[in-house]
Amino acid sequence: MNFGMLAPGCPLLVKELTALAARKRTYQVRALYAVLLFAASLAFFWADLDRRTDGDNNPLLILGSGGPMIQTLVYLQFSGIYLFLPAIACTALTAEKERDALSLLFLTRLGPWTILFEKLVSRLIPMFTFLLLSLPLMAFAYSYGGVSQRQIWGAVFMLSVTTVQVGALALMCSAFCRTTVGAFLLTYAIALAIFPGIPLLIDSFVTRLGEDVACAFLGPFVYDVTFSNTGAAIRWGTFGIRMIPLLGSTLIFLFAARRFLVTRAFLLPRHRLRNLLSALDGMFHRFNQNRVTRGVMLLDEGSSLPEIQPVAWRETQRRSLGRFRYLLRIFLAIELPVVAISISIIVSPGGAKSHMWSITAMMTCLWILIALFIAVQSSSLISGERSRQTLDVLLTTPLSGREIVQQKMQGLWRVVWILSACLGTVCLIKMLLLALVNSMGFQYGQLAYSPMRYLVGSVLAMAVYFPLIAWLSMWIGMTAKAATRAMFLSIFVIATWCTVPIIVGYFGVEYLSMGDTARYLTLLSPAGMIRLDESHVVLSVEHLDAHGWIILFINYAVYSMIVGFFRYKCLRHADRNLQRLEDSSIRDRRLLVEELQTVHPQSAL
Amino acid sequence: MNDVFETPPVLEVQHLSYSFRKHRALLDVNFQVQPQSLHGFVGPNGAGKTTTLKVICTLLQPQAGNVRVFGLDVVHDVKEVRRRIGFMPDHFSMYRQMTVFEYLDFFGAAYGLSQVERDRIITDVLTLTDMDGRKDDLINGLSRGMQQRVSLARVLVNDPDLLLLDEPASGLDPRARIELMEILQELRKMGKTIFISSHILSELAELCDSVTIIDRGLIKYSGPMDDLLTDTEEHPAYVLTLREAVDPDPQEQLQALAGVLRVEEVEGKPAWSISFDRAMTDTNNLLRGVLDLGLPVASFTEDRKHLNQAFMDLTERGVRT
């Protein structure tokens, strides 16, 4: 692709677009977006047409159904913007900072606004190419009729405004943070908060805000209330007022990005986790200095040196998240608020159903956070060493790859135990509440769910899914070149695995009337069983009553095998995955087996 | 050229080839390193130095040919080879939140040494690298030169017989560089074999016994340093320096001497480089001829090429494509 004509005016934009065009990942992401968009759109179109015809073969019934199709397509594109654009745009400035190239840009004639503008445009162009992917689908929908021009032009306008708004937010986070990982997390956190997490929470729990206020920053809302109703005339005055928060927030993001670009251009590593742990250390130390405890030390970790497992020693003694002292403090720092929130939920007015819903919401949040944490930690164990260039030296020692991997995981298992204990507390509280509800003759969800089955299910979920996330992420981390890539890839794989079967199952139930077959499909997702345990609405009453325990054990037996598979992948070929020569004894054994399989296929088996 | 060596080599690379997809990194690489020698490994950027080192230290598997360390095949005797080598990569590979002692102890344990052995060896290597006063300091707080010393100490923790050092002096200030080279000299005296890849040619010329020059994956020279720095046996060159300039210019008279092939004036002083054919004359006869000309001779010495010149003669200009 030739971007030469832009060169005199926008050198940074040319450089970004050229780099983007040369990267294989650009095309992979675009293909993935296209697959998801087409699959989802066509599924919804089919379901809509099926509903309209309702078994009747009269083609006239589907005429005029283009309008809802366009609506569906537009909402899918809005989802795409909120999901993909933060990840695409948050690297814009952090990539320069990580390469120490931002200072070089400041030395050129490019001013801060020019840098921001060219960076923003370089990230918006790929997003617009994603939006253009829907043109064939639009043409398809248009051919059914019932589409107004206002719908289309409104969609084009609102999708563009939302793209710029989300892009500006990601750019601001990119200017603020030192690393891509930080910018990535901050962008999604802010997006979740204002699109429209916090306003909705306030609306639900504090005071009624009304949808105009709660969804003020949401492009899809403005589109919905302004352009989707083809019958009513557009009230331009109201539309103008509704555009103020969107455009205003975009401007605020851009001005903040301009400020951070200069003030936070040369940040030193802050080691936030270590600082947090030090602060916790100081706080617990102060608490400990009282008349009762008088600074008592329950555990003196001293400054021991490695005995026989040096890598495990480093993971458990020299990393903040491996030390027992810090882990205990992290446990207390999470456990105490969790218990406090749980108790406040139980004693608050609102009834058993509301209590159960609140605890389930807390459980879901904890599950997501813990899964993310384990994925990030595990994927960076090896890839982090590779990024810091400390791996090569370790690989030239006589330690086998298997030993290195197993010892690396030891620190992580400690963290997993601590997090499991926090989650286990909430499970226990919920089980007790469930037992209480059952004993009072009420039922939660569709059926009176067995507290014992809930407890066993929760314990098995923690015992199977945490190692699953850990080994899967470790495997990804071993094969990835850089820590950031490994983290993103792990999160993406886990999120996709957890959500896609549930979405497909939901679609099957809601639109295709597949019933329990579709419900069982959701168990292909690791989150499916958790959802079943927590919400009790996934399977029908009859199925769950009759086969509840069997489903539970089969599910976790299958997932245990998958854990075994990923563990095998990590350990069996550890040397190869770590990118060094395999120990000859292992290699010779494998060659012998391969030879036997070639000469005597049956005897080898 | 390797036939001159008689003792079994510590490191023997034979017909080694390696490619990264379509990019040929090494092609039929052959060289040997003798015991207790300091062997330089020189080449322009992208010549294949680091790839060769990674094959030797068992990180990459040779795609063709074989590599032997102390007679052990790097593919089949992986563990034993790892025990007997110490590898220092071309970047600082440090765990920065450890103290110097902890860092060395960590690697001592990784090599399977007992606590008693580790204590003794670490004390020794810290003394050798002059870091014993900083053993409780965090690595993060050390200067680049000090970190390089710690890195060298780490290489020595398992008492390897062969040290593989990839650009150990890059990024160091002149003082740190000189001190590092002094430590390497000391190690050689202790009987270690050192294989050092470097860009700093002048230091290699003084330090190394032998050298291998690699360019674009091909070995251009491998053998004693002296042979590289002097001209061939058949056509040696000597530099004649006069106490003062003479008139007329003696270049034509020198050119007319029996057996002389070429006379080149050395720029900036009254000196000439005289190349002659050993089959027609020898050094004594040539000197006698020069003296017979009645020139005010100040010195008559072997013309040693500078390593830079030898390097430029052997390697190709331009970047690898």
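Just so you know, these numbers come straight off a predicted model, no measurement behind them.

The rules behind these values
Residues numbered from 1 in each chain as written. Chains lettered and ligands numbered in written order. Predicted model: local features only at pLDDT ≥ 70, side-chain atom pairs only at ≥ 80, totals over all residues. Heavy atoms only, no water. Pairing = 2+ DSSP bridges. Helix = DSSP H or I, 4+ residues; strand = E, 2+ residues; numbered from the N terminus. Axes fitted to C-alpha atoms, helices over the stretch in contact; angles between N-to-C directions. Contact = heavy atoms within 4.5 Å. Buried area = accessible area lost by both parts, 1.4 Å probe. Salt bridge = Lys/Arg side-chain N within 4 Å of Asp/Glu carboxyl O. Nonpolar A, V, L, I, M, F, W, Y, C, P; charged D, E, K, R; others polar. Patch = residues over 30% accessible without salt bridge, like charges linked within 9 Å, V, L, I, M, F, W, Y side chains within 5 Å. Areas by Shrake-Rupley, 256 points an atom, 1.4 Å probe, with all protein chains shown as cover. Lys, Arg positive; Asp, Glu negative; His and termini not counted. Charge placed at Lys NZ, Arg CZ, Asp CG, Glu CD. Buried < 20%, exposed > 50% of the residue type's maximum accessible area, 1.4 Å probe, protein only. Parallel < 35°, antiparallel > 145°, perpendicular 65-115°, else oblique. Left-handed = near helix turned anticlockwise from the far one by under 90°. Domains from an automatic or database assignment. 1 Å grid on protein atoms, 1.4 Å probe; cavity = no way out; pocket = protein on both sides within 12 Å on 5 of 7 lines; lining within 4 Å. Points joined across faces, edges and corners; volume = space filled by probe spheres on them.

So, the sheet that holds strand β10 (residues 218–224) of chain B: which residues are in play, and what are the values?
Residues and elements named next belong to chain B. Taken together, 6 strands build an open sheet; the order of strands is β6-β7-β8-β3-β9-β10 and the sheet is mixed. Each edge of the open sheet carries a strand with a single partner, namely β6 (85–88) and β10. Shown here is a sheet whose adjacent strand axes are inclined to one another by a mean of 15°, direction ignored. With 4 bridges connecting them, strand β3 (residues 38–42) and strand β9 (residues 210–215) associate as parallel partners.

Residue-level account of the interface of chain B and chain A, with values.
Between chain B and chain A, the contact holds 33 residues from the first and 28 residues from the second. Regarding the contact of chain B and chain A, the summed buried area is about 2,900 Å², with carbon and sulfur atoms giving 62% of it. When the buried area of chain B at its contact with chain A is split by residue, Leu-59, Arg-82 and Tyr-95 of chain B rank highest and sum to 22% of it. In this assembly, chain B and chain A are joined by 1 salt bridge. Taken together, the elements giving at least two residues each to the side of chain B that touches chain A come down to α2 (78–84), α3 (100–110) and α4 (115–128) of chain B. The dominant element in the side of chain B that touches chain A, judged by the number of residues it contributes, is α3 of chain B, at 7 residues. Class assignment for the residues of the side of chain B that touches chain A results in 18 nonpolar, 7 polar and 8 charged.

Would you mind going over a negative patch on the surface in detail, with residue names and values included?
All names here are of chain B. On the surface, Asp-247, Asp-249, Glu-252, Glu-265 and Glu-267 cluster together into a negatively charged patch. Mapping Glu-267 onto the fold places it in the loop between β12 (260–266) and β13 (271–276). Relative accessible area serves as the criterion here: at 79%, Glu-267 is assigned to the exposed category.

Go over the packing of helix α6 (residues 112–132) of chain A against helix α8 (residues 149–176) of chain A with me, naming the residues and quoting the values.
A pair of packed helices is characterised by two quantities: the angle between their axes and the separation of those axes. All names here are of chain A. Two elements in contact, α6 and α8, have axes separated by 10 Å at closest approach and are oriented at 135°. By the angle between their axes, α6 is oblique relative to α8. Pair α6 / α8 crosses with right-handed handedness. For the pair α6 and α8, the contacting residues are Leu-116, Lys-119, Leu-120, Leu-124, Met-127, Phe-128 and Leu-131 in the first and Leu-159, Ser-160, Thr-163, Val-164, Gly-167, Ala-168 and Leu-171 in the second. Residues that form the contact of α6 with α8 fall into these classes: 10 nonpolar, 3 polar and 1 charged.

Hey, could you go over the domain arrangement of chain A for me, with residue numbers and the actual values?
Residues and elements named next belong to chain A. Domain assignment breaks chain A into domain 1 (4–263) and domain 2 (310–580). Each of domain 1 and domain 2 has a C-alpha centre, and the two are 31 Å apart. Contacts between domain 1 and domain 2 engage 10 residues on the former and 8 residues on the latter. Of the roughly 860 Å² buried where domain 1 meets domain 2, counting both sides, 86% is carbon and sulfur surface. Per-residue buried area on domain 1 facing domain 2 is highest for Ala-47, Val-181 and Phe-184; these three make up 39% of the total on that side.

For the layout of surface pockets, give the residues involved together with the corresponding values.
A probe as big as a water molecule, rolled over the atoms, marks out the empty space that is left. Considering only enclosed or pocket space, the second largest pocket measures out at about 660 Å³ in volume. Around the second largest pocket sit 29 residues that line it, and Asp-392 and Gln-579 of chain A together with Lys-54, Leu-59 and Leu-60 of chain B are the ones nearest its centre. If you list the elements that add at least two residues to the lining of the second largest pocket, you get α16 (351–387), α17 (391–395) and α25 (584–599) of chain A together with β1 (11–20) and α1 (49–56) of chain B. Counted by class, the lining of the second largest pocket contains 10 nonpolar, 8 polar and 11 charged residues.

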